[in-house]
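# Summary of structural features
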Amino acid sequence: MADTKREIERKYESDDSGLPDLTGVAGVTAVIDKGVVSLDAVYYDTADERLAAAALTLRRRTGGSDAGWHLKVPVAPGVRDEIREPLSDTVPDTLAALVRSRVREAELLPAVRLRSDRDVRHLMDAQGKLLAEVSVDAVHAERLTEGGGTAQWTEIEVELADDGDPAFLDQVEKRLRKAGVRPSSSASKLARALQETARTAGSGKPGSEKSGSGKSGSEKPGSKKKRKAEPVPAEPADPVTAGDHVLAYARAQRDAILELDPAVRQDAYDSVHRMRVATRRLRSTFRSYGKVLDHTVTDPVGDELKWLAGELGADRDREVVTERLVTVLGELPTTLISGPIRTRLDTWANARHGGSRSRLIGVLDSQRYLALLDTLDRVIAEPPLLKDAAGKPEKVIGKAVGKDFGKVSALVEEAIGTPPGADRELALHEARKKAKRTRYAAEAAVPALGTPARALAKSMKALTSLLGEHQDSVMVRVTLRELSAVAHAAGESSFTYGVLYGREEQRAAGVETALPEAWEGIVAEGSVQV
């Protein structure tokens, strides 16, 4: 199992004057010199630098106390998770898997070598507790791909101690700024190395090495000049047309799928659900905005997204039912609990859990999934735009959202008018699915339509939650019938299953009773006038 460390750090430009005195930083009572350590790291990427484009860094480093393979995944500005594996000659399978959604069929190759002489200081408090590690790094960068150059610079790095207060870094920065030190223009050493070791534009020659200058060839740190092989696409311009707005939302969902892939592989909390929601949002976007994006192109993609959502949600229904039954069992008085129902529930809940993780990882490693990612990239890069894509957002997007809401309205009215029973349950379920799609369409419309779309998204979220309560009750009752039959066959009491079934019936009836008034409120708000 790979070791993961949360890394919170800041980087600063530095000349040759070294580290300013930090004894005046609030909370610091001692600055301890830990000496100089030599670090040697080789960074790996694809030939077109896909990992760098996603702000991911994969390296093999020797020297220091944490020698080994490291994969750094961005969490927030200045915050990354560093996933570590022991030293080996090749990229560890665990780390290769975590970047597979980016790398796909490409080969991971040595891209940049960074050698650093790190002069380390520890900032300690009055109790002798480590607050932060501060280092002055003299860096020599060498591009390992054909035609690459070299560069060298000095920087200051401040890394917060484990479980430290991030506000402490503000105090350190205040002192550094007072001494004339400024935040680095590059997010990481690798980002700076890639920029400064690139070919000099138009010369066909590697950038020349300039000691301590932070320059390479004719390029300067922070230069916006792009190399021909630069994989990072230009930031999309502000949306203007209807197509711009729809594509911006679709792109965000594609990006969410890619960003959540490593978290799903690591079984991070709520990651599977969030990735499933992103696939649903993207599929809904294709369906709702069929006048903007050619549905003959997006329909097959939507089918694949539906497959992926199904795979991601294979165990979700079981989790929802389990959570509900555990909750209601905890609320029952002991006099109403008969037989080993808790044991029976635990057995049912864990019946598939053991194999579900390996099955899901198999899906993420499959050619079908990787092909879907390739297809999404093509749709985003070369969208199948129709005539309405060039239209005014207020008109085109407003009409699409209004059409979706009209379908929700018809389904809700139909469900309300249907007598209680299986037909009503089915009608409510269909209304819920359509409300969810309308919510996503409204979310995509917010940048173009503003408050009305935002209000509709909020209303549809409330409606979806209410109808979700009803659907959860339906699933729980199906499970209770199954468990009751198994318990009866085993000679166990089925009394408690009946009690719970009755409560779930009341729960569903409560939703059905509340729905007409809730729906009238949604319509009366006027938020549907998009």
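Only a predicted model underlies this, so the values are computations on that prediction, with no experimental measurement involved.

## Observations concerning the nonpolar core
The biggest cluster of nonpolar side chains holds 64 residues, and the ones touching the most others in it are I257, Y289, Y369, M460 and L463. A total of 12 residues in this core trace back to one element, the largest contributor, which is helix α14 (residues 422-449). Other than its neighbours up to four places away in sequence, L463 contacts V408, V412, A435, L515, W519 and I522. One finds V320, V476, L480 and L483 within the second-largest nonpolar core, a separate group that totals 18 residues.

## Details of the confidence of the model for the protein
For the protein, the mean per-residue pLDDT works out to 89, and 91% of the residues sit at or above 70. For the protein, helix α11 (residues 353-364) is the element with the lowest average pLDDT, namely 81, and strand β3 (residues 57-62) is the one with the highest, namely 98. Within the model, pLDDT remains below 50 along residues 200-234, and this stretch shows 64 contacts once partners closer than five positions in the same chain are excluded.

## Comments concerning the packing of helix α6 (residues 242-265) against helix α7 (residues 271-288)
Remark: α6 packs on α7, axes separated minimally by 9 Å, with the N-to-C direction vectors making an angle of 155°. Regarding the angle of α6 to α7, the classification is roughly antiparallel. The element α6 and its partner α7 pack so that their crossing is left-handed. For the pair α6 and α7, the contacting residues are V246, Y249, A250, Q253, R254, A256, I257, L260, D261, A263 and V264 in the first and S271, V272, R274, M275, A278, T279, R281, L282 and T285 in the second.

## Notes on the pattern of salt bridges
Within the structure shown, the criterion is met by 49 salt bridges. Residues D162 and K5 are paired through a salt bridge, measuring 3.4 Å at the closest nitrogen-oxygen approach. Linking D162 in the loop between β8 (150-160) and α4 (167-178) with K5 in strand β1 (residues 3-14), this pair joins segments that are 157 residues apart in sequence. Given a relative accessible area of 17%, K5 falls into the buried group.

## A few points about a positive patch on the surface
Taken together, the side chains of R287, K291, K306, K392, K395, K399, K403 and K407 define a basic patch exposed on the protein surface. Mapped onto the elements of the fold, K392 is located in the loop between α12 (367-381) and α13 (393-417).

## Regarding the sheet that holds strand β7 (residues 130-143)
To summarise the sheet geometry, strands pair through backbone hydrogen bonds and adopt either a parallel or an antiparallel arrangement. Taken together, the eight strands give a closed barrel; going around it, the order is β1-β5-β4-β3-β2-β6-β7-β8, and neighbouring strands pair in antiparallel fashion. When strand polarity is set aside, the average angle formed by the axes of neighbouring strands in this sheet is 35°. Taken together, the 11 bridges between β7 and β8 define a ladder with antiparallel strand orientation. Across the sheet, the residue bridging to V134 is V158, located in β8.

## Here we look at unusual backbone geometry
Positive phi, close to 65°, is recorded for D163, a residue that is not glycine. With respect to the helices and strands, D163 occurs in the loop between β8 and α4. Look at D163 and you get exposed, because its relative accessible area is 78%.

## Overview of the packing of aromatic side chains
All told, the structure shown has two aromatic pairs when counted by the stated rule. On the numbers, 5.2 Å between centres and 50° between planes, the contact of Y44 with W69 is tilted. Taken together, the residues span a long stretch of sequence, with Y44 in strand β2 (residues 30-45) and W69 in strand β4 (residues 68-76) at a distance of 25 residues. For W69, a relative accessible area of 0% corresponds to the buried category. For the pair F405 and W519, a centre-to-centre distance of 5.7 Å together with 20° between the ring planes defines the contact as stacked. Within this pair, whereas F405 is found in helix α13, its partner W519 is found in helix α16 (residues 495-525), the two being separated by 114 residues in sequence. Note on accessibility: F405 and W519 belong to one class, buried. One residue, R318, lies across the ring of W348, its end atom 4.5 Å from the ring centre.

The rules behind each value
- Residues numbered from 1 in each chain as written.
- Predicted model: local features only at pLDDT ≥ 70, side-chain atom pairs only at ≥ 80, totals over all residues.
- Heavy atoms only, no water.
- Core = buried A, V, L, I, M, F, W, Y, C linked by side-chain atoms within 4.5 Å.
- Buried < 20%, exposed > 50% of the residue type's maximum accessible area, 1.4 Å probe, protein only.
- Helix = DSSP H or I, 4+ residues; strand = E, 2+ residues; numbered from the N terminus.
- Contact = heavy atoms within 4.5 Å.
- pLDDT = per-residue confidence, 0-100.
- Axes fitted to C-alpha atoms, helices over the stretch in contact; angles between N-to-C directions.
- Parallel < 35°, antiparallel > 145°, perpendicular 65-115°, else oblique.
- Left-handed = near helix turned anticlockwise from the far one by under 90°.
- Salt bridge = Lys/Arg side-chain N within 4 Å of Asp/Glu carboxyl O.
- Patch = residues over 30% accessible without salt bridge, like charges linked within 9 Å, V, L, I, M, F, W, Y side chains within 5 Å.
- Areas by Shrake-Rupley, 256 points an atom, 1.4 Å probe, with all protein chains shown as cover.
- Lys, Arg positive; Asp, Glu negative; His and termini not counted.
- Charge placed at Lys NZ, Arg CZ, Asp CG, Glu CD.
- Pairing = 2+ DSSP bridges.
- Phe/Tyr/Trp six-rings, centres within 6.5 Å; stacked < 30°, edge-to-face > 60°.
- Lys NZ or Arg CZ within 6 Å of the ring centre and 35° of its normal.

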